[in-house]
Each structure stands twice: as C-alpha cells, then as structure tokens.
Protein chains: 2
Amino acid sequence: MRRSDIVVIGGSAAGIPAALTARQFYPEHSVLLIRREPQALVPCGIPYIFGAIGSTEADLIPDAMLQNAGIDLLVDEVTSIDRQREALATAGGEEIGYRRLVLGVGSQPVVPPIPGADKGNVFAIRKDVPYIERMLAAFDRASKLVIAGCGFIGVELAEENRRERGLEVTIVEMLEHCLEQNYDLEFAQTAEEMLRGEGIEILTNTTVEEIEGNERAERVRLSDGRTLPADVVVLALGATANSDLARRAGLAIGPLGGILVNRYQQTSDEHIFAAGDCAEKVSFFDGRPSPQKLASIATTEARIAGANLFALQRANPGTIGVYSTILGGKAFASAGLTERAARLAGYQVITGQAEAINRHPGCMPGGMSLRVKLVFDAATRIVLGGQVMGAESGGEMVNAISACIQQRMTADDIALFQAGSHPGLTASPITYQLVAAAEAAIATWLKERQATPAPV
Amino acid sequence: MRRSDIVVIGGSAAGIPAALTARQFYPEHSVLLIRREPQALVPCGIPYIFGAIGSTEADLIPDAMLQNAGIDLLVDEVTSIDRQREALATAGGEEIGYRRLVLGVGSQPVVPPIPGADKGNVFAIRKDVPYIERMLAAFDRASKLVIAGCGFIGVELAEENRRERGLEVTIVEMLEHCLEQNYDLEFAQTAEEMLRGEGIEILTNTTVEEIEGNERAERVRLSDGRTLPADVVVLALGATANSDLARRAGLAIGPLGGILVNRYQQTSDEHIFAAGDCAEKVSFFDGRPSPQKLASIATTEARIAGANLFALQRANPGTIGVYSTILGGKAFASAGLTERAARLAGYQVITGQAEAINRHPGCMPGGMSLRVKLVFDAATRIVLGGQVMGAESGGEMVNAISACIQQRMTADDIALFQAGSHPGLTASPITYQLVAAAEAAIATWLKERQATPAPV
C-alpha cells in the first residue's frame, strides 16, 4: 500500500493552498495531492475563457507550484475512504494510506429538474477542461445564448459572450435584480444598466420552466409565459457541495449539505479536515450556516486546515464573503452584509455613502468615479458590510473594507482610518471614499440622536 | 467684535476637515474658517502642476465644500491669539471672538543656510499660488533643474519636469538612497532605476554646499566637490511646523517644534486644538515624537479635533504614516515601519515578501506585477509595516495593510485575511500578495523555530 503522511484530495482553490500550508507547517511530513482532472482550471477564470482569456489552456493552474514545494501529485479519483485503516481507494486501483486527510473536493453546479435540461447544448459550469471545450465548440456555432441565473457567473459569462463573440444574450433571473445577494438596489441597478447598455437582455422575476427543442435546445419557456429562442443554454444557478465521498465514509454532513467541520476545519473525524466549497460554513456575523462558496473562502479555509493537521494553530472566524467583478469596465465589489441582508438578519442599520474620483484633483489622468456604501449596526456602530463600484482600484479597496469587518471596526474607527493618498492613485484624503462613507453614516446617526427624545 | 462659536485657522488638509467635522458634530454652532491664501492649492498636487495638472487653477481646492456645509470663510491672516479674551486679531484689522479654536496652520519648507539659497531661481515648495506661478515662469525659461532632496516631492517634481517639460534634472540626496525613509533598499533601488531610466540623474551621499551665480543660480556646488550647472534650483528638504502664532500665544511647543497636543488634539489650552503639519505628533508604534507630515495624517487629526471641540469623542492612536506615489507608471506605497526603521527602533523583525501579477490567470488584460513586503515584530508577530510596488491597485492595497497595522494584526491574522479576488482585478486568492507575504514570513519564523534549540 502506498502511504503519505498527509493526503489532500482536490487540486483547486482549497487543495493547493492546503497542501502548500501543510508543507510549510510540517516539512518533515510527506504530502500527496490527488486530483481527478489531468489539468486544473483557474475556477474564477472560466467565464473569461469565452472572451478575454480565449482558451482553456490559458486558464490552467500551473503544477509547478506543487512541484516546487515538494508535493507529490496523483491524477486519479478517490472512490472511498476507510477511516478505520486510514486509507483511500482510487478508481485507478490504488490504495493509499494517510495519517491526515484534507478534503478539498469542491462543488458541482445545481441542475434543477427543469424539463429539457438534459438536451444537447444545455450546460452548467463544470470545472473540467473537456466539458468547457464542448461548451466552446457549441458556443462557436451559436448565436442566441440564454443564461438562467444572474449571479456572478451568469453576468460575467453574459458579458464575455456578448462583447467578444457577439452572441445575442438573455439572462433570466428569479429574483427582482441581478446580483441581489451581494449588492443593494442602487448597485444592482447600475450593474443592470451597464449590461443592458452592452445589449444584454435581462428578464427578472421569472424562471426557466422548460427547455424546448428536439435533441438540442431550441427555445426556453419562462414561468411568465414568454418563450425565448436559444441555441445554447447555460444554467448558472449556484452550486452544491461535493459531500458524497465524505457521507459514504460516515462523516457528519451539515445542515446545508456540506461536510460538517468545526472552527479548525476538522470533520467529525479529527484526522480528516475539509476546506472550500465541499465544507459546511458558518457566517462571521452570527455563526449560522452560510451557503457562500468562493475561491477566496476556500483558500482561507485551506490555510487553516493545512496549519492544523498535527497541532491546532488557526481558527476560522466564519465567512465574511468578499466578492468582486468587472462589468462594463467598472469594478463592482462587496464584502459582508448588504443593507438588505443586514435588515433581514434583524439588525437595525445605519448606512453611509460617498463618491469621488479616484484621483485628486479630478483632472489627474486616469480618473474614474468610485462609490462606496458602508453598512453599520445602528446599536454598536460596528461595520457589517460594504459595497464599492467604479474605478478598478475598488477591487483592492474592498479588501480594506474586509479588514475593517474582520476587525469589527466601528464607524468612528473607520472615520479615523489612516489611509494613504496620492494625486495619481486615490481621491484626496478629505474626500477618500471609505472614510467619507463612515463620516456620512455618523452624520445620520448624529441627526437621529438629536431627533430622539432623551430616555425618561 | 465679530464672533464665531468655532474658528478654524487654515484652509488645507487640516482646516477643511476640521471645519466640516465640527459642523457635523455641532450643527448648532457657527463655524468660521480663516485662511491667508485667496485660493487654496491641493497640496499633494503641487508637483503635478509642473506636468500632468498643468496649471495652478486646475489644482485648487473648491470652496464649494465649505459653502455647502454652511461654513463661513474669511481670507485674512491671523496675527495673534488673546487666550484670556478668547479672541483673535487679524492683519486685516479684524477682531474675532471664539469659543473653540482649531489651528490648522500647516508647515513651511525647510530652507537651510546654504550660501546662495537667496538667489533668484532658487525655490522651495510653498503652498501658495503666486509663488508657484513664479516657479512656473522660471521653469518655462529653464533647461537645467537641480533638486536638493530625494523625498516624495523631490522625485515627483523631478519626474514631471523631465517627462512633461524635457528639463535636464539632477537630484542631490544626502542619504544613500532615494525615499530611504519610507522604503527598504530593494524598493528604493527600483524607484531609482525607474527615475534613471527616464533620464533623471541621481547623486546620493552628497549635499548642496553652495548655490553659485550672480543674481540668479547658475551652478550648484556639492559637498563631494562636484559642480552642477543649474538655471533653476529647488530645495525639497522637508518642512517645519508653523508654530509661531501658537508660541506667541503661550501655547506649549513639542520636542520637534510642533504645537504640543494631547491624544484629543487639544493644545495646552483646552479650548484650542491643533491638527496637521503644525501639530506635534507621536508614533503609533512607540508613542515617541514623530516628524511625519502628511495630508492624510492632517485629515485624520482634523476629524479628531473637530469631533472633540465641545465633548471628547475621538482619540489619536498616533501616526502610522501611509505614503504612496507613482514613478515610471508604477505605484510605490508604504505604511508603518520599514524593516530598517523597525530594526533601528530596536525590534527584532521577520519579513515576508510576495510578488504576483494583479490578474489571474496572468494573461488577463491589464495585468501588471505587484510586490508586497510585510515587516513583523519577531516576538509578537504583529505587523509593523508594509511596502507595495507595481500595479496601480497597490495604492489601495496599502490601505488594507494600514488597516492591518492599525488593528495590530498578526502574521496569522493576515494569512487568514478574507480578501476578494477577481480575474480582472487582483491576483488569484492562492497567490494574493498580502496573504502570501504573511505566509512567507510565517515560513521563515517556522524555519527559525525549528532551528532553535528548545529552552533549557
């Protein structure tokens, strides 16, 4: 029987950093990474394979990272885990012993039981080179694309196929607005305007009822009765954890279907860890189960799992959820709770917004507007979330906001944020959006306090 | 006698936010801002007036900000403060009563007693429109510029005048490297390479001994014996606090010559506050006097002063110092202590560095390398500083680093930083530079720990 001290299953955003972290913390132990796919796609890059990236080969995670760190790689599929013997069996017929195991086996796209979803030219987004190649071939022959689901993958795929391939694109969304889970109304509406401005049709408050046609998709019938012509259909309706392998091994499964883990990413077997899309998550804010699935969450969890294998050293505070994308050349980023999500969670909130050119004075070359919204708990004034849209630097500003959330900073802390500024890089320190949004929230709070009668 | 509840002296990075914050916290009180200059220049924009901005008119702070907030503006020079009567006298003959006073009177450039420094065509950087206009006129007739001092103003002025005006530019620096106060060797050397690549000459380890010529500067003689032809000379050698007015009013002055303030920005007279370049500062790290002078520090101090005028509500944790600039199209940013500064201050340090393209995969359009260095206290693993160079998004990433420093985050906290990532905006979450630099520092720490014998 082959043996490795540490075995990691999965070669993407969870598996790679889990293996790298394990090597770093436990250099005396051997690490074997097993992945099913001969080639691993950069998951966030997949929508851009249809446009800016142009091919699957250009969207591969280089194996050199593993080799350079002295991590062994096996391309094979693990079919079962024998926890008693601490050994794995693979489809290739290998048996592999482990002392510690990390499951980073990811997720797969949700495919609801829509009649016709099994027809040709109906796709979900699978992180698999041959599958994406089949999609590309179908898209090459298509002119009318219907996308079900207006989340990040949906809008990114829509834009790339519209702009780079000239397809007629319609997105169908059950909710009232695009990206509604991650942006408040004013941000979501701006995103929709950008997309519509590029010629993408967006139909909200409706769902795909049936995909019609013979062998291949020809039409999509919606719940509101409309029918759309389509020669290619993509279902971008979220993902579910790959928890089968764990379930069959008798590991506990969480309420949302992921592999149950504690704060240290240990499953119900303390020698087996899980990280990334396959692992159940809890919210940073209230510890409740969280459905978020993001490569950036996966890497954080993997760094926790990898460090904890033989001695607990890192704990997971729960997921904040930091999202970013570009639509119509504008960055749209979001961290933590939107105002809507915070209210739904029972918070009383105060928000503050600020907008300024990301240069000062505004005539400096390369200037673009950047708008920030911050969401605070009205009682404690602790920041719960933030949204950014506009200049590309917003993609990093949201990380400063994420730091504020992680550290439970208050509006006053953020108002006194010591930010760097430069004419060619940022707004002036007087109008710097992050600080100005916090001050705007404080202004609202002060006004409300002045309007509130003193307690009796 | 004219009266205003709140009087702010100074109309720049301290005065404006102090007045705005005062309005916000104390809307029932009148606010009068008095400034000497008919027009207020955006201070950080001054080097760019010689290039990208092109004129003083394009670099003015709009007075609309004050008007919209209901702040009265008086252009006049305050000549004395009568603390007993709580009243000011002005050069224009006014007497103005106050209940609370904020001094945001800034700094002036250091002009050392170099023989010839009083000749025509020898300038310092004064935040004054007519003065800058005279500089522009002199630069229009010049072909050879010598700049004494290779700090931020020196390098920015050098680059703008080289690139936009085609001047022959030489910078003379006393220290071993450009920007040495804010960047470690590898970053400073890269900055020097960029500047030299643009045809700017940099002479380090030497100083200006004498400016020779008749009425106007014609040559600069250096301490190493060399002589440089020059038809215009700029002294960019730092700034000293404008503390004369305060000193004459009997207010205490700090060890570095600034107006002494407590954590609430109160001077030795509790009704008088000071903020910005004129105020003495202490370091965030050890509470010792800090010579840092930055518009971003001024705005933070002003937000503290403005909020505290009638009731203490905000405290100054001390200055971190967050700097950024662009040289040769690359962002160079720095927050907190460099490795060198940390060692000089007596810390044992561990550093970590990471470099990656700010896109993923790297072939995504617009990609540019971005390198991060983090400096940690070896004992507590708390982050002390960070430097960033490369892509423009570094100008915001340094603010995420600043948040980590402000919150005294450890290397492990930063390794678990929940950062957003997107193919078109950032590196992948696996190689994200901020997190990867923290992990690199931890790797060093782990190796050192393994190499250290256990305590007896």
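Quantities reported herein were computed from a predicted structural model and do not represent experimental measurements.

Secondary structure summary: chain A contains twelve helices and 24 strands in total. Taking 2.2 N^0.38 as the reference for a compact globule, 456 residues should give roughly 23 Å; the C-alpha atoms of chain A span a radius of gyration of 24 Å, in line with that estimate. Oriented by its inertia axes, the alpha-carbon framework of chain A measures out at about 70 × 55 × 50 Å. Here chain A holds 456 residues, and 55% of them are scored as buried. A separation of at least 24 residues holds for 64% of the contacts in chain A among residues at least 6 apart in sequence.

Further remarks concern the relation of the copies chain A and chain B. Each copy superposes on the other: chain A lies on chain B with an RMSD of 0.0 Å after a rotation of 180 degrees and an axial shift of 0.0 Å. Viewed as a symmetry operation, the transformation between the two copies matches a two-fold axis. Within chain A, the C-alpha atom positioned nearest to the axis of rotation is that of Ala-400 of chain A, 2.0 Å from it. In this assembly, 100% of the residues forming the interface of chain A have copies in chain B that are likewise at the interface, indicating an isologous arrangement.

So, about helix α4 (residues 129-140) of chain B. An α-helical segment advances 3.6 residues per turn. Residues three or four places apart therefore align on the same side. All names here are of chain B. With twelve residues, α4 should reach 16 Å at 1.5 Å per residue; the first-to-last C-alpha distance of 16 Å fits that figure. Looking only at α4, the buried set comprises Ile-132, Met-135 and Phe-139. All buried residues of α4 project into a common sector of 50 degrees when viewed along the axis, lining one side. Opposite the buried face of α4, at more than 90 degrees from it, the exposed residues are Pro-130, Ala-137 and Asp-140. Residues of α4 that are buried in the fold lie against α2 (46-49), β8 (122-124), α5 (152-163) and β15 (232-235).

On to the sheet that holds strand β12 (residues 208-212) of chain B. Residue and element names in this part refer to chain B. Strand order in this open sheet of three strands is β12-β13-β14, and the pairing throughout is antiparallel. Because the sheet does not close on itself, it has two edges, and the strands there are β12 and β14 (227-229). Put simply, the sheet's adjacent strands are angled 20 degrees from each other on average, direction ignored. Bridging between strand β13 (residues 219-222) and β14 involves three bridges; their strand directions are antiparallel. Bridge assignment links Val-220 to a residue of β14, and that residue is Leu-228.

Attention shifts here to the domain arrangement of chain A. All names here are of chain A. Under the domain assignment used here, chain A contains domain 1 (2-107 + 240-308), domain 2 (111-237) and domain 3 (322-451). Of note, the centres of domain 1 and domain 2, computed from C-alpha atoms alone, are 29 Å apart. Across the side of domain 1 that touches domain 2, the residue classes tally to eight nonpolar, five polar and one charged.

Let us now look at helix α1 (residues 15-25) of chain B. When you tally the buried positions in α1 of chain B, you get eleven out of eleven residues, the bulk of the element. On its buried face, α1 of chain B sits against α12 (433-451) of chain A together with β1 (2-9), β2 (31-35), α3 (64-68), β6 (95-103) and α8 (295-308) of chain B.

Residues and elements named next belong to chain B. Packing of α1 against α8 leaves a shortest axis separation of 7 Å and a crossing angle of 35 degrees. The interaxial crossing formed by α1 with α8 has right-handed handedness. The segment α1 lies against α8, with Pro-17, Ala-18, Thr-21, Ala-22 and Phe-25 engaging Thr-299, Ala-302, Arg-303, Ala-305, Gly-306 and Ala-307. A per-class count over the contact of α1 with α8 returns seven nonpolar, three polar and one charged.

It is worth spelling out the interface of chain A and chain B at this point. Listed per partner, the contact involves 66 residues of chain A and 66 residues of chain B. At the level of elements, α1 (15-25), α8 (295-308), β20 (322-327), β21 (330-336), α10 (394-406), α11 (411-415) and α12 of chain A are the ones that each hand at least two residues to the side of chain A that touches chain B. The element that contributes the greatest number of residues to the side of chain A that touches chain B is α10 of chain A, accounting for ten residues. Considering only residue class, the side of chain A that touches chain B consists of 38 nonpolar, 21 polar and seven charged.

Before going further, it helps to examine the nonpolar core. Soluble, globular proteins show a tendency: their nonpolar side chains are buried together. The biggest cluster of nonpolar side chains holds 314 residues, and the ones touching the most others in it are Leu-103, Ala-191 and Leu-434 of chain A together with Ala-191 and Leu-434 of chain B. Setting aside residues no more than four positions away along its own chain, Ala-191 of chain A makes contact with Val-155, Cys-178, Leu-179, Tyr-183, Leu-327 and Phe-332 of chain A.

To continue, consider the environment of Ile-114 of chain A. Residue and element names in this part refer to chain A. Among the secondary structure elements, Ile-114 is positioned in the loop between β7 (107-109) and β8 (122-124). A tally of 19 C-beta atoms within 10 Å means that Ile-114 is categorised as partly exposed. Along the chain, Ile-114 and Glu-209 lie 95 residues apart, while their C-alpha atoms are 6.2 Å from each other. Beyond its immediate sequence surroundings of up to four residues, Ile-114 is in contact with Val-208, Glu-210 and Ile-211.

Glancing now at the pairing of strand β15 (residues 232-235) of chain A. All names here are of chain A. The two faces of β15 match: Val-232 and Val-234 on one face and Val-233 and Leu-235 on the other face are all buried. Bridge count between β8 and β15: three bridges; the pairing is parallel. Bridge pairing in β15 places Phe-123 opposite Val-234. Both strand β9 (residues 144-148) and β15 contribute to a ladder of four bridges, which runs parallel. In the strand pairing of β15, Leu-145 is matched with Val-232.

To continue, consider the packing of α10 of chain A against helix α10 (residues 394-406) of chain B. For the pair α10 of chain A and α10 of chain B, the least separation of the axes is 7 Å and the interaxial angle reads 10 degrees. Comparing their axes, α10 of chain B and α10 of chain A come out roughly parallel. In this structure, α10 of chain A uses Glu-396, Met-397, Asn-399, Ala-400, Ala-403 and Cys-404 of chain A to contact α10 of chain B, whose residues at the interface are Glu-396, Met-397, Asn-399, Ala-400, Ala-403 and Cys-404 of chain B. Residue composition of the contact of α10 of chain A with α10 of chain B, by class: eight nonpolar, two polar and two charged.

It is worth spelling out the sheet that holds β20 of chain A at this point. Remark on secondary structure: sheet strands pair via backbone hydrogen bonds, oriented parallel or antiparallel. All names here are of chain A. If you trace the five strands from one edge of the open sheet to the other, you get β20-β21-β24-β23-β22, paired in antiparallel fashion. Two strands lie at the open edges of the sheet, namely β20 and β22 (349-357), each paired on one side alone. Pairwise comparison of adjacent strand axes, ignoring direction, gives a mean angle of 10 degrees for this sheet. Sheet analysis places strand β23 (residues 369-377) next to strand β24 (residues 383-390), joined by seven bridges and oriented antiparallel. Bridge pairing in β24 links Val-375 to Gly-385. Running over the sheet, α10 touches β20, β21, β23 and β24 and is turned about 10 degrees from β21.

Detailed reading of the predicted coordinates is not advisable wherever pLDDT falls low. Here chain A averages 97 in pLDDT, and 99% of its residues register 70 or above. Mean pLDDT values over the elements of chain A span from 93, in α12 of chain A, up to 99, in strand β17 (residues 272-274) of chain A.

Another point: the environment of Ala-249 of chain A. The topology assignment puts Ala-249 of chain A in the loop between α7 (244-248) and β17. Measuring from C-alpha to C-alpha, the distance between Ala-249 of chain A and Ile-81 of chain A comes to 5.6 Å, with 168 residues separating the pair along the chain.

What counts and what doesn't
- Residues numbered from 1 in each chain as written.
- Chains lettered and ligands numbered in written order.
- Predicted model: local features only at pLDDT ≥ 70, side-chain atom pairs only at ≥ 80, totals over all residues.
- Helix = DSSP H or I, 4+ residues; strand = E, 2+ residues; numbered from the N terminus.
- Rg over C-alpha atoms; globule rule 2.2 N^0.38 Å.
- Buried ≥ 20, exposed ≤ 12 C-beta atoms within 10 Å, placed from the backbone.
- Contact = placed C-beta atoms within 7 Å.
- Least-squares fit on C-alpha atoms with pLDDT ≥ 70 in both.
- Expected span 1.5 Å × (residues − 1).
- Arc of directions from axis to C-beta.
- Pairing = 2+ DSSP bridges.
- Axes fitted to C-alpha atoms, helices over the stretch in contact; angles between N-to-C directions.
- Domains from an automatic or database assignment.
- Nonpolar A, V, L, I, M, F, W, Y, C, P; charged D, E, K, R; others polar.
- Left-handed = near helix turned anticlockwise from the far one by under 90°.
- Core = buried A, V, L, I, M, F, W, Y, C linked by C-beta atoms within 7 Å.
- Parallel < 35°, antiparallel > 145°, perpendicular 65-115°, else oblique.
- pLDDT = per-residue confidence, 0-100.

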